[in-house]
2 protein chains.
Amino acid sequence: MAPTTNIKEAHPMKGGDDPNSYVQNSSYQKGVIDAAKEIIIEAVTQHLDLENNLTTFDPSKPFSIGDFGCSTGPNTYFAMQNIVEVVAEKYKSIKQPKPEFHVFFNDHVNNDFNILFRGIPPNSDYFAAGVPGSFYSRVLPKGSLHLAHCSYALHWLSQVPKEIQDKNSPAYNKGKIHYTGTEKYVVKAYFDQFQRDMDVFLTSRALELVGGGLLIIQMPGLPSGETMFTMTGAGLLHAILGSSLMELAKSVSFFYIISFSSSRSFFFFVMLFFIYHIVECSYVAFRGNFVTFLLIHIIFTQ
Amino acid sequence: MAPTTNIKEAHPMKGGDDPNSYVQNSSYQKGVIDAAKEIIIEAVTQHLDLENNLTTFDPSKPFSIGDFGCSTGPNTYFAMQNIVEVVAEKYKSIKQPKPEFHVFFNDHVNNDFNILFRGIPPNSDYFAAGVPGSFYSRVLPKGSLHLAHCSYALHWLSQVPKEIQDKNSPAYNKGKIHYTGTEKYVVKAYFDQFQRDMDVFLTSRALELVGGGLLIIQMPGLPSGETMFTMTGAGLLHAILGSSLMELAKSVSFFYIISFSSSRSFFFFVMLFFIYHIVECSYVAFRGNFVTFLLIHIIFTQ
């Protein structure tokens, strides 16, 4: 149960706070969080049923929130503060006192937690804790979380699919580090890896969350059958910069790009219906790309 | 409630893992943890009353342990593993399943948590979280902890007492960075600071611990009236190296030494008897010094 180090390719965002760091280069991801704010307010207001679950959501005990794939800040601070505020408002609306909030910031064990901790805004209305380890594993005890959040992180797979690196496989991707969406076997290899990873992610979060808890995911996605990846901003970027990225991938070993999976990927959730109920799955066009908002209600935990 | 940054002098142990780091220079502190092992086993076995408090210590919920002033490892790993094992044994002895353990590693926000996280042994039987912030403040939500541990950290005060730096005060310490125990006003200035700090420490931990929880402290100390500080190993070291340390303190601003307070310091605990019950206060001679073991039972929390 120590931080998982057996994830084959763990590439946290660039630490520190210099001009090349994630801290200084994540305004796009901040935009996603801003775009999500209203949706999260609505999700918590409508689906977090505090009133009928005051044993689980007892305001005299901490309300715990996890941010999975938080990186080094500052985006995670905005996301967590937004959630704290809307949950506090929800308690107020049912005339209950505000609980103390406990925020668990999760990312790879090699994430720069020092920078993350030093950047937490002084006026934050929560107790902070860092949780090292891949979110493709259990990182928190059973039933220790009331709300889980994951923004723009789940498109990073746990590893590059083996088949696309195998010259004898029909899924061989000719050394490329992304796909455009037209190569059937390559797409399937990525999709299969995504499915395996999501299965681990969802099973882990289901155990960590309390019954009645919420899981809110924002990730890149495409409306089913309407839009090709190559038509999005990111797709165009990959097409134009593809060969340069490949050069970088050769010379800088920690750099790699995993392409998006379409919303159809989520069909396998049905297999897990006894744990999950997908409340909402919507898309928002954002700066030439599409962002998927996924709200999952934990019906009960094992 | 963000990590406290208003502690006037926060000097975490030296980070990294090079030859000058705390990781490579803390075998004395490891000795204290080894010496404490049997006492902790006895304390948990005798005083952690799981059987009559199975709501508070419900094995289907996480059992949370905090290490306050954990530094960068490796000593904290040994201490936490020892505690996890003895608590698991205690559950077994009353024929209850083993709970999942949640360990909160606490130290200053500038502590090197990156090194700490990367060093957690792969076979650790707990989920790990880092908690940034001075232990002279609240760092965890109310009632979120079952057992708190603090080893060889509480002799570091939150600040150098003002009076000893004031040339017009009878407690002026003539620029010295330690005391030998003979200067009445200097000793009182340190003692008063220690008392204020301990008051904050104990009040904070009392709120963070559940009713029935345990607080285990190991710190340097002296048997009342029997031994002068100057007769201990550390006292001799200060006497011999005093002027050199003073030079270092002038040129290296993060370096300072706070001397020990004697066991008599604890009289003020009595004022807090409505929260605490001091179960045990004992001394062990260890490598020419004395280590105080203090076991505090949280009767109830506010």
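Fair warning: this is a prediction, and the values are worked out from it, not measured in the lab.

**Section: the overall build of chain A**
- Check the secondary structure of chain A and you find 5 helices and 7 strands.
- Ordered by position in the sequence, the α and β elements of chain A form the string α-β-α-β-α-β-β-α-β-α-β-β.
- Burial analysis of chain A (302 residues in total) assigns 56% to the buried set.
- Restricting to contacts in chain A with at least 6 residues of sequence separation, those with at least 24 account for 76%.
- For chain A, the accessible area works out to roughly 12,900 Å², and carbon and sulfur atoms hold 56% of it.

**Remarks on the relation of the copies chain B and chain A**
- With an RMSD of 0.0 Å, the fit of chain B onto chain A corresponds to turning through 180° and sliding 0.0 Å along the axis. Viewed as a symmetry operation, the transformation between the two copies matches a two-fold axis. For chain B, the smallest separation between a C-alpha atom and the rotation axis is recorded for Gly130 of chain B, amounting to 2.4 Å.
- A share of 100% of the interface residues of chain B reappears at the interface of chain A, consistent with the copies meeting face to face through the same patch.

**Here's the deal with the pairing of strand β4 (residues 145–151) of chain B**
Residues and elements named next belong to chain B.
- Of all 7 residues making up β4, 7 are buried, and the element is well covered by its neighbours.
- Bridge count between strand β1 (residues 63–68) and β4: 3 bridges; the pairing is parallel. In the sheet register, Ile65 faces β4, and the bridge partner there is Leu147.
- Direction of pairing for β4 relative to strand β5 (residues 209–220): parallel, over a ladder of 6 bridges. Its bridge partner being in β5, Cys150 is matched across the sheet by Ile217.

**With respect to the confidence of the model for chain A**
- Taken over all residues, the pLDDT of chain A has a mean of 76, while the share at 70 or more is 62%.
- This stretch, residues 250–277 of chain A, has a pLDDT under 50; its non-local contacts, to residues over four places away or in other chains, come to 76 contacts.

**Some words on the pattern of salt bridges**
- Per the stated rule, a full pass over the model turns up 10 salt bridges over all chains.
- In this structure, the salt-bridge partner of Asp125 of chain A is Lys98 of chain A, at a minimum N-O distance of 2.8 Å. Here the residue Asp125 of chain A occupies a position in the loop between α3 (113–118) and β3 (127–132), and Lys98 of chain A occupies one in the loop between α2 (75–93) and β2 (101–107), the gap between them amounting to 27 residues.
- Under the relative-accessibility criterion, Asp125 of chain A is labelled partly exposed at 23%.
- A salt bridge links Glu100 of chain A to Arg138 of chain B; its shortest N-O distance comes to 2.8 Å. Of this pair, Glu100 of chain A sits in the loop between α2 and β2 while Arg138 of chain B sits in the loop between β3 (127–132) and β4, each in a different chain.

**Considerations on the packing of aromatic side chains**
- Counted according to the given criterion, the structure contains 21 aromatic pairs over all chains.
- Both rings, one in Phe117 of chain A and one in Phe113 of chain B, keep their centres 4.9 Å apart while their planes meet at 90°; by these two values the pair is edge-to-face. Note that Phe117 of chain A is positioned in helix α3 and Phe113 of chain B in helix α3 (residues 113–118), a pairing that runs across two chains.
- Looking at Phe117 of chain A, the relative accessible area reads 1%, which means it is buried.

**Quick look at the interface of chain B and chain A**
- Facing 33 residues of chain B, the contacting portion of chain A comprises 33 residues.
- Taking both sides of the interface into account, the surface hidden between chain B and chain A amounts to around 2,900 Å²; carbon and sulfur atoms contribute 62%.
- For the pair chain B and chain A, the number of links is 2 salt bridges.
- Across the chain B-chain A interface, the total number found is 12 residue pairs in polar contact (both at pLDDT 80 or more).

**Things to note about the environment of Ile217 of chain A**
- Within the secondary structure, Ile217 of chain A sits in strand β5 (residues 209–220).
- For Ile217 of chain A and Ala153 of chain A, which are 64 residues apart along the polypeptide, the C-alpha to C-alpha distance reads 9.0 Å.

**Here we look at the nonpolar core**
- Counting 66 residues, the largest nonpolar core has Phe63, Phe105 and Tyr126 of chain A together with Phe63, Phe105 and Tyr126 of chain B as its most contacted members.
- Apart from the residues within four sequence positions on either side, Phe63 of chain B is in contact with Leu48, Leu50, Phe57, Val87, Tyr91, Pro99, Glu100, Phe101, His102, His146 and Leu147 of chain B.
- Formed by 56 residues, the second largest nonpolar core is a distinct cluster that contains Ala129, Phe201 and Leu215 of chain A together with Val160 of chain B.

Conventions used here
Residues numbered from 1 in each chain as written. Chains lettered and ligands numbered in written order. Predicted model: local features only at pLDDT ≥ 70, side-chain atom pairs only at ≥ 80, totals over all residues. Heavy atoms only, no water. Helix = DSSP H or I, 4+ residues; strand = E, 2+ residues; numbered from the N terminus. Buried < 20%, exposed > 50% of the residue type's maximum accessible area, 1.4 Å probe, protein only. Contact = heavy atoms within 4.5 Å. Areas by Shrake-Rupley, 256 points an atom, 1.4 Å probe, with all protein chains shown as cover. Least-squares fit on C-alpha atoms with pLDDT ≥ 70 in both. Pairing = 2+ DSSP bridges. pLDDT = per-residue confidence, 0-100. Salt bridge = Lys/Arg side-chain N within 4 Å of Asp/Glu carboxyl O. Phe/Tyr/Trp six-rings, centres within 6.5 Å; stacked < 30°, edge-to-face > 60°. Buried area = accessible area lost by both parts, 1.4 Å probe. Polar contact = N/O pair within 3.5 Å; in protein donor to acceptor, adjacent residues only side chain to side chain. Core = buried A, V, L, I, M, F, W, Y, C linked by side-chain atoms within 4.5 Å.

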